[in-house]
Amino acid sequence: MEYQVKNISANDFEQCIKCTICTVYCPVAAVNTAYPGPKQAGPDGERYRLKNPEFYNNALKYCLNCKRCEVSCPNNVRIGDIIQTARIRYDKSAPKLRDRMLASTDFMGKVATKMAPVVNLMLGLSPVKATMHGVLGIDRHRTFPRYTSTTFEKWMRTKAPDQTAFPRKVVYFHGCYVNYNYPQLGKDVVTVLNAVGYGVHLLEKERCCGVAKISNRLIESAKEDAQLNIDSIRKAVKAGMEVVGASSTCIFTMRDEYPHLLGVDNADVRDDISLVSVFLYKLIDSGKVKLAFKPDFRCRVTYHTPCHMQKLGWGIYSSSLVRMIPGVEFEPIDSLCCGIAGTYGFKKENYPYSQAIGKELFDQIERARVDYVVTDCETCKWQIEMSTGATVINPISLLAMAIDVEATKKLNGIK
């Protein structure tokens, strides 16, 4: 990975003006005194590390890679990339068994779905949680997402013939969570896109986006998965289809982390990878598609902007999509980090910081007293549901609940 560090060092960290705004906005620095903060861990630390790798500080492991430092930076320094690249290059310790298990979402998902009822039962038992806490280092307080017995891919195979009848088509990158844990979100995506005249197809081949492997330093495996995904996306784009996903982190990883952290070139297809909510909002805003809503649909909601969604600059699309539903009463909350950061919040050494980071967000959600918290990130969903008891859904799922499907099809000339 040396070429990445050289690229960042030569072209990026010297743009840091030492204003420390990034440290002010860092959610980790606010709760963990062991973490030096993004300025010192990133640009400042890199100057020392280039002189002598022994200056590497293992406290960099506390970085969430939330990108809030990059969003706040007035000089567009890729601070998060500098920190993550330093972890990749200088941390010589082998990833733990726990880290490999948490990061191997495809492998673990394939195994768990074959015996989902048993796995779901076991993961909820206190003795099992205590064992994982003591032996693996997975915090006993963490709630795991439930596994499904029927994957989304299996369900989609039964619907594939229907998708060819639509006049327009789009490719859906569903991700691990939809496939192994929550196929209903994928079904909602298909329902909504079909209603506006788009047939939904899957990539020829798909693997996990790789964000968990990147954060757990399984870089070669992450790079292999990333290259497979980009090759598949490239084929879809050449066939005239845009690629969409419902997970903000998956989309962010494929668009921005592949070239920066893995050296996987996506320049020719990056702009063809989008979020379903963004894709749909632009279609509606341009007048290309129309929605008809159920007249009796009513609910009170708030929207949580995931950190990676904020980095993409796309939060306005999802929140606007939610606001356009006539029966929605919208209660705004501040843009705050939930603290889970994928596998980060599952680890017992990080769990207290994870919960401390999210506390202000949890408090705002509890005070809002909404029917649904809407967000584009599945791990934010796990964190918020576990920590507040609120029901958390994707914007597309809310839309699937609110639209009159048949009336929407008629509006868009779909028989």
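So, a few notes on the structure that sits alongside this text.

Quick notes on the rules
- Residues numbered from 1 in each chain as written.
- Predicted model: local features only at pLDDT ≥ 70, side-chain atom pairs only at ≥ 80, totals over all residues.
- Heavy atoms only, no water.
- Helix = DSSP H or I, 4+ residues; strand = E, 2+ residues; numbered from the N terminus.
- Expected span 1.5 Å × (residues − 1).
- Bend = angle between axes of the 7 residues up to and from the residue.
- Buried < 20%, exposed > 50% of the residue type's maximum accessible area, 1.4 Å probe, protein only.
- Contact = heavy atoms within 4.5 Å.
- Axes fitted to C-alpha atoms, helices over the stretch in contact; angles between N-to-C directions.
- Parallel < 35°, antiparallel > 145°, perpendicular 65-115°, else oblique.
- Left-handed = near helix turned anticlockwise from the far one by under 90°.
- Core = buried A, V, L, I, M, F, W, Y, C linked by side-chain atoms within 4.5 Å.
- Pairing = 2+ DSSP bridges.
- Phe/Tyr/Trp six-rings, centres within 6.5 Å; stacked < 30°, edge-to-face > 60°.
- Lys NZ or Arg CZ within 6 Å of the ring centre and 35° of its normal.

**Observations concerning helix H19 (residues 351-368)**
Relative to the 26 Å expected for 18 residues at 1.5 Å per residue, H19 spans 25 Å between its end C-alpha atoms, a close match to the ideal helical length. Within H19, the axis deviates most sharply at Lys-359, by approximately 45 degrees. Along H19, the residues classified as buried are Tyr-351, Ser-354, Gln-355, Ile-357, Gly-358, Leu-361, Phe-362, Gln-364, Ile-365 and Ala-368. Here the buried face of H19 lies against strand E5 (299-303), strand E7 (372-374) and helix H20 (378-388).

**So, the packing of helix H14 (residues 219-238) against helix H15 (residues 248-262)**
Running from amino to carboxyl end, H14 crosses H15 at an angle of 135 degrees, the nearest separation of the two axes being 11 Å. Between H14 and H15, the crossing angle belongs to the class labelled oblique. Here the hand of the crossing between H14 and H15 comes out left-handed. Between H14, through Ile-219, Ala-222, Lys-223, Ala-226, Asn-229, Ile-230 and Ile-233, and H15, the contact on the second element is made entirely by Met-254, Tyr-258 and Leu-262.

**Details of the packing of helix H5 (residues 79-90) against H15**
How two helices pack is summed up by the angle between their axes together with the distance between the axes. Two numbers describe how H5 lies on H15: the axes approach to 10 Å, and their chain directions differ by 50 degrees. Viewed along their axes, H5 and H15 adopt a mutual orientation that is oblique. Relative to H15, the crossing made by H5 is right-handed. Taking contact as the criterion, the partners of Asp-81, Gln-84, Thr-85 and Ile-88 in H5 are, on H15, Glu-257, His-260 and Leu-261.

**What to know about unusual backbone geometry**
In this model, Lys-18 sits at a positive phi of 60 degrees, which is unusual for a non-glycine residue. Lys-18 gets classed as partly exposed once you look at its relative accessible area, which sits at 47%. Of note, Asn-76 is a non-glycine position whose phi angle comes to about 60 degrees, a positive value. Relative to the helices and strands, Asn-76 resides in the loop between helix H4 (68-72) and H5. On the accessibility criterion, Asn-76 (62% relative accessible area) is exposed.

**Topic: the nonpolar core**
By size, the foremost hydrophobic cluster in this structure holds 71 residues, and its most contacted members are Ile-233, Val-328 and Leu-398. Not counting the four nearest positions on each side in its chain, Leu-398 is found in contact with Phe-297, Cys-299, Val-301, Val-322, Ile-325, Val-328, Tyr-372, Val-374 and Ile-393. One finds Val-119, Tyr-177, Tyr-180 and Ile-333 within the second-largest nonpolar core, a separate group that totals 30 residues.

**Thoughts on the pairing of strand E1 (residues 168-173)**
The side chains of a regular strand alternate, residue by residue, between the two faces of the sheet. Pairing of E1 with strand E2 (residues 198-202) involves five bridges; the strand directions are parallel. In the strand pairing of E2, Lys-169 is matched with Gly-199. Sheet topology note: the E1/strand E3 (residues 243-245) ladder contains three bridges and is parallel. Each bridged residue has a counterpart across the sheet, and for Val-171 the counterpart in E3 is Val-243.

**So, the sheet that holds E5**
An order of E6-E5-E7-E8 is seen for the four strands of this open sheet, with the pairing classed as parallel. Here the strands that pair on one side only, and so sit at the sheet edges, are strand E6 (328-330) and strand E8 (392-393). Looking at chain direction, E5 and E7 are connected through three bridges and run parallel. Within the sheet, the bridge partner assigned to Thr-302 lies in E7 and is Val-373.

**Looking at the packing of aromatic side chains**
Tallied over the full model, the rule gives 11 aromatic pairs. Consider the rings of Tyr-281 and Tyr-317, whose centres lie 5.7 Å apart with planes at 65 degrees: the pair is edge-to-face. Of this pair, Tyr-281 sits in helix H16 (residues 276-285) while Tyr-317 sits in helix H18 (residues 315-323), placing them 36 residues apart in sequence. Judged by relative accessible area, Tyr-281 falls into the buried class, the value being 19%. Looking at Tyr-317, the relative accessible area reads 22%, which means it is partly exposed. One aromatic cluster in this structure is built from Phe-144, Tyr-177, Tyr-182, Phe-346 and Trp-382. One cation-aromatic arrangement involves Arg-142 over Phe-346; the distance from NZ or CZ to the ring centre is 5.3 Å.

**Observations regarding the sheet that holds E2**
Pairing in this open sheet of four strands is parallel, and the strands run E2-E1-E3-E4 from one edge to the other. Pairing within the sheet leaves two strands with one partner each, and these edge strands are E2 and strand E4 (273-275). Strand-to-strand twist of the sheet, defined as the mean angle between neighbouring strand axes without regard to direction, takes the value 40 degrees. Pairing between E3 and E4: three bridges, direction parallel. Residue Val-243 lies in a different strand from E4, and its bridge partner there is Ile-273. In this fold helix H12 (residues 183-195) packs onto E1 and E2, with an angle of close to 145 degrees to the strand it touches most, E2. Contacting E1, E3 and E4, H15 runs over the sheet at an angle of about 160 degrees to E4.

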